Amino acid sequence: MAISFNGYALVPKRGCWVLQKSNHPLETTLREIESAIDAGLYYAALIVALTVPDICAALEDERAYSGREEYKNWYRENLAGRFPYMSDDAAYSLRCGVVHKGNLRLKMKGGESPRVIFTLPGGVTVHNMVIEKSPIGKVLQFDLVQFCEDVIEAARAWYVRKVDDPIVQANLPDLLQLRPRGFGPVVGLPVIA
C-alpha cells in the first residue's frame, strides 16, 4: 500500500513533527501566530490572530475588501461556535480595541463595556468564561494560547473549504507574505510583500 504526501509538509511544531498542508500565503500568517506564541510574544500573536477574520473575509470578497460587516459575518460563520460568550459585535470591538488602541475594553452599543482578560502560559488556564460581576465590571476571560489556536484552527478549516474557490484563489497572490527570493523590482533579497 502506497501513501502519498503530495501537498503536505512535515514541520516542527511545539516539540514534535506535524504533517501540515504545504505553504500557501494564509498558512504563513497562521504559522507566524504560532511562532509568536512559542517566542512568548503574546501581544503580537493576539494582534495577528484578531486580524485573521479580516484577512479571510477579504480573500473571499471579489473586491478583496473587509470591513465591519464582513468581519462580523466571517466571525459568525467560522468562530462564534468556539466563543459562545462573545458576540460578533464584541469580537469586532475586541479587534478594533487591540489592533488600533491597545485596549481590551469592549465598546458596545447599549452602554455595556465589558473588559477582556487573557490568561498566559505558566498559570491557571481559564478559557471561555464570563464573570458578570467583578470589581472591574463584567469580564470575558480567555486563555490567550487557546484563543489563538481556536482562530488558527477555524482559519485552516475555512481554507480547506475555500481552497478551490476562484475568488479566494484570485486574491491569494496579493496576500501579505514572506518572499525569500524577492518580489517585483526587488530580486534576490528576502522581502515581505
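Preceding block: the structure.
Let me sum up the structure you'll find in this document. None of the values given here were measured: they were computed from a predicted structure.

1. Some words on the nonpolar core
Membership of the largest hydrophobic core comes to 43 residues, with the highest contact counts inside it found for Ile-33, Met-86, Leu-94 and Phe-147. Of all elements in the fold, only α1 (25-38), α2 (42-59), α3 (68-78), α4 (88-101), β3 (115-119), β5 (139-143) and α5 (144-162) reach the threshold of two or more residues within this core. Top contributing element to this core by residue count: α5, with ten residues. Beyond its immediate sequence surroundings of up to four residues, Ile-33 is in contact with Ala-45, Val-48, Ala-49, Val-52, Cys-148 and Ile-152.

2. Here we look at α4
Compared with the 20 Å implied by 1.5 Å per residue over 14 residues, the 19 Å span of α4 between its first and last C-alpha is a close match. Considered for burial, the residues of α4 that qualify are Asp-88, Ala-90, Ala-91, Tyr-92, Ser-93, Leu-94, Arg-95, Gly-97 and Val-98. In this structure, the buried side of α4 is in contact with α2, α3, β3 and α5. In the stretch just after α4, Gly-102 is the one whose phi turns positive, near 65°.

3. Focus: the packing of aromatic side chains
Applying the stated criterion to the full structure yields seven aromatic pairs. Looking at Arg-179, its charged tip hangs above the ring of Phe-183, at a distance of 3.9 Å from the centre.

4. Observations regarding the pattern of salt bridges
For the structure on display, the rule yields twelve salt bridges. Between Lys-162 and Asp-165 there is a salt bridge, and its shortest N-O distance comes to 4.0 Å. Each of Glu-27, Arg-31, Glu-34 and Arg-156 takes part in salt bridges that share partners, so that together they form one network.

5. A few points about the side chain of Gln-177
You can see Gln-177 is positioned in the loop between α6 (166-171) and β6 (178-179). On the accessibility criterion, Gln-177 (15% relative accessible area) is buried. A polar contact is formed between the side chain of Gln-177 and the backbone oxygen of Pro-173, at a distance of 3.5 Å. Discounting residues that sit within four places of it in the chain, Gln-177 has contacts with Pro-25, Leu-172, Val-191, Ile-192 and Ala-193.

6. Looking at the sheet that holds β5
The strand order across the open sheet formed by three strands is β3-β5-β4, and the pairing between neighbours is mixed. In the strand order of this sheet, the two ends are held by β3 and β4 (129-131), each with one partner. Sheet twist, expressed as the average angle between the axes of neighbouring strands with direction ignored, equals 25°. With three bridges connecting them, β4 and β5 associate as antiparallel partners. Within the sheet, the bridge partner assigned to Val-130 lies in β5 and is Leu-140. α5 rests against β3 and β5 of the sheet, and its axis sits at about 80° to β5.

7. Some points on the environment of Asp-61
Structurally, the position occupied by Asp-61 is in the loop between α2 and α3. Under the relative-accessibility criterion, Asp-61 is labelled buried at 14%. Sequence separation between Asp-61 and Arg-31 is 30 residues, and the spatial gap between their C-alpha atoms is 23 Å. For Asp-61, the residues in contact, after removing those within four places along its chain, are Ile-167 and Asn-171.

Definitions and cut-offs
Residues numbered from 1 in each chain as written. Predicted model: local features only at pLDDT ≥ 70, side-chain atom pairs only at ≥ 80, totals over all residues. Heavy atoms only, no water. Core = buried A, V, L, I, M, F, W, Y, C linked by side-chain atoms within 4.5 Å. Buried < 20%, exposed > 50% of the residue type's maximum accessible area, 1.4 Å probe, protein only. Helix = DSSP H or I, 4+ residues; strand = E, 2+ residues; numbered from the N terminus. Contact = heavy atoms within 4.5 Å. Expected span 1.5 Å × (residues − 1). Phe/Tyr/Trp six-rings, centres within 6.5 Å; stacked < 30°, edge-to-face > 60°. Lys NZ or Arg CZ within 6 Å of the ring centre and 35° of its normal. Salt bridge = Lys/Arg side-chain N within 4 Å of Asp/Glu carboxyl O. Polar contact = N/O pair within 3.5 Å; in protein donor to acceptor, adjacent residues only side chain to side chain. Pairing = 2+ DSSP bridges. Axes fitted to C-alpha atoms, helices over the stretch in contact; angles between N-to-C directions.

What is shown is where atoms sit, not what they do.
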